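# Coordinate inspection notes
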2 protein chains.
Amino acid sequence: MSLSNNSIERICKIFGYLDTLDKQGTKFASSLDLAKAIGATSYTVRKDISLLNIIGYTRKGYDVKTLKEELGQKLCLNKKRNACIVGLGRLGSALLDYEKFQEDGFDVVAGFDSNINKLERIRTDIDVYPVSRINEIIIRKHIELGIIAVPSEYAQNIADTLIKAGVTGILNFSYVKINLPKNIINVNLDFTNSLRFIAAKLSGNTTNK
Amino acid sequence: MSLSNNSIERICKIFGYLDTLDKQGTKFASSLDLAKAIGATSYTVRKDISLLNIIGYTRKGYDVKTLKEELGQKLCLNKKRNACIVGLGRLGSALLDYEKFQEDGFDVVAGFDSNINKLERIRTDIDVYPVSRINEIIIRKHIELGIIAVPSEYAQNIADTLIKAGVTGILNFSYVKINLPKNIINVNLDFTNSLRFIAAKLSGNTTNK
């Protein structure tokens, strides 16, 4: 199966929305409901879902629970994965608190910071360690995903260390683009891009697509 | 001019990358450079740029400074806009610290929280106020953008208050989808969607598109 990044991104959003609907007790959702929730057209939603060889569309719409399970299975979203957060400043420690990671199957099992005083002061139930122990802890705790929240100038170095220890996916909250080997999956989350998107839409560059 | 959401999203990312290149002193960038940086194909990048009636492709590639200015102008990304953050827990106060908002032309001019003790204790140069003053401050400070970082159960109520006061764009960090009038531009930032995307790609659902 070979999906474009755009399709994967949309399917992940659909999965997240189905999960919300399921928790609310909603049984069925139309492709239009899903489309509105993720900001796409219902044609695109039906196409994305059909790419996964899922049909499951009834007269009442998609069965929420079934579709969620099927999408999760096809995209391996039901598998628990361990993650760590590096950089426990305000943003990093906010991320330690981000309960949705856990709810959604991403288990944050370690936090790292170079400042020992910070590690001693931080209030969290998650185990925290000095950066010097990244390699040991990642191996011991089978950590696949690294979340980077260090200042920009350290991001590349931390990414290299994480990858050397065996991390294969990186979510980067620092302001810089990091260079990574091709086999590493990487997302840069730059909050200002979201504000720019809003600003551009407010300026009238808008369709409903 | 009528662009799809996907195009606008990519152009905002291209704009951000051009800004980085410009600050680094890089003069030219090929469509492939831009494509790699934002995770699209160079064909898509050229098409997005041409949709804006920008040509500007030379033998050395795009002129970084010129293209940045043109994209910024077409999408009104050069205009300064005032923003506020509601909810000053760990994530909200991390966002008060997020220097890139300011650098990128989004001026966070107010923070709000319902907890007066928190407002007194918080260390920040940005003016902070109780939630009860949202309406007054938004009008006085000409705030267009609202960043929501309150617990999920309060998000809808806060969004309604912001919109009533005149905010037209909302960046929502809470875990719920909020219902908004059609004229309001809204982005939900759910960090687990980024981790899901990484997880799906790690499972081999991958093309280079």
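Residues numbered from 1 in each chain as written. Chains lettered and ligands numbered in written order. Predicted model: local features only at pLDDT ≥ 70, side-chain atom pairs only at ≥ 80, totals over all residues.

Let us look at the pairing of strand E7 (residues 145-148) of chain A. Residues and elements named next belong to chain A. Side chains Leu145 and Ile147 project from E7 onto one buried face, and the interleaved Gly146 and Ile148 project onto a second face that is buried too. Bridge analysis of strand E4 (residues 81-86) against E7 gives four bridges, and the strand direction is parallel. Residue pairing across strands places Val86 opposite Ile148, the latter belonging to E7. With four bridges connecting them, E7 and strand E8 (residues 169-172) associate as parallel partners. The residue bridging Gly146 from the neighbouring strand is Ile170, located in E8. Handedness of the crossover joining E7 and E8 through helix H9 (residues 152-165): right-handed. (Buried ≥ 20, exposed ≤ 12 C-beta atoms within 10 Å, placed from the backbone. Helix = DSSP H or I, 4+ residues; strand = E, 2+ residues; numbered from the N terminus. Pairing = 2+ DSSP bridges. Right-handed = clockwise from strand over helix to strand, strands pointing away.)

The next point concerns helix H4 (residues 64-74) of chain B. Residue and element names in this part refer to chain B. Among all positions in H4, only Val64, Leu67, Lys68, Glu70, Leu71 and Lys74 are buried. The secondary structure elements touched by the buried residues of H4 are helix H1 (5-24), strand E1 (28-29) and strand E3 (61-63). Where H4 terminates, the next one or two residues include Cys76, which has phi positive at roughly 55°. (Contact = placed C-beta atoms within 7 Å.)

Here chain A shows a mean pLDDT of 91. Residues at 70 or above account for 97%. Scoring the predicted complex yields pTM 0.88 and, for the interface, ipTM 0.91. (pLDDT = per-residue confidence, 0-100.)

Quick look at the pairing of strand E5 (residues 106-113) of chain A now. Residues and elements named next belong to chain A. Of all eight residues in E5, six are buried, a share of seventy percent or more. Judged from the six bridges that link them, E4 and E5 form a sheet pairing that is parallel. Within E5, the residue paired with Ile85 across the bridge is Gly111. Pairing geometry for E5 and strand E6 (residues 128-130), over three bridges, is parallel. Paired with Gly111 across the strands is Val128, a residue of E6.

Before going further, it helps to examine the packing of helix H1 (residues 5-24) of chain A against helix H3 (residues 42-51) of chain A. All names here are of chain A. Between H1 and H3, the shortest axis-to-axis distance is 10 Å and the interhelical angle comes to 100°. On the basis of the axis angle, H1 is roughly perpendicular to H3. Residue-level inspection shows Ser7, Arg10, Ile11 and Ile14 of H1 in contact with H3, the latter providing Thr44, Val45, Asp48 and Leu51. Taken together, the residues of the contact of H1 with H3 break down into four nonpolar, two polar and two charged. (Axes fitted to C-alpha atoms, helices over the stretch in contact; angles between N-to-C directions. Parallel < 35°, antiparallel > 145°, perpendicular 65-115°, else oblique. Nonpolar A, V, L, I, M, F, W, Y, C, P; charged D, E, K, R; others polar.)

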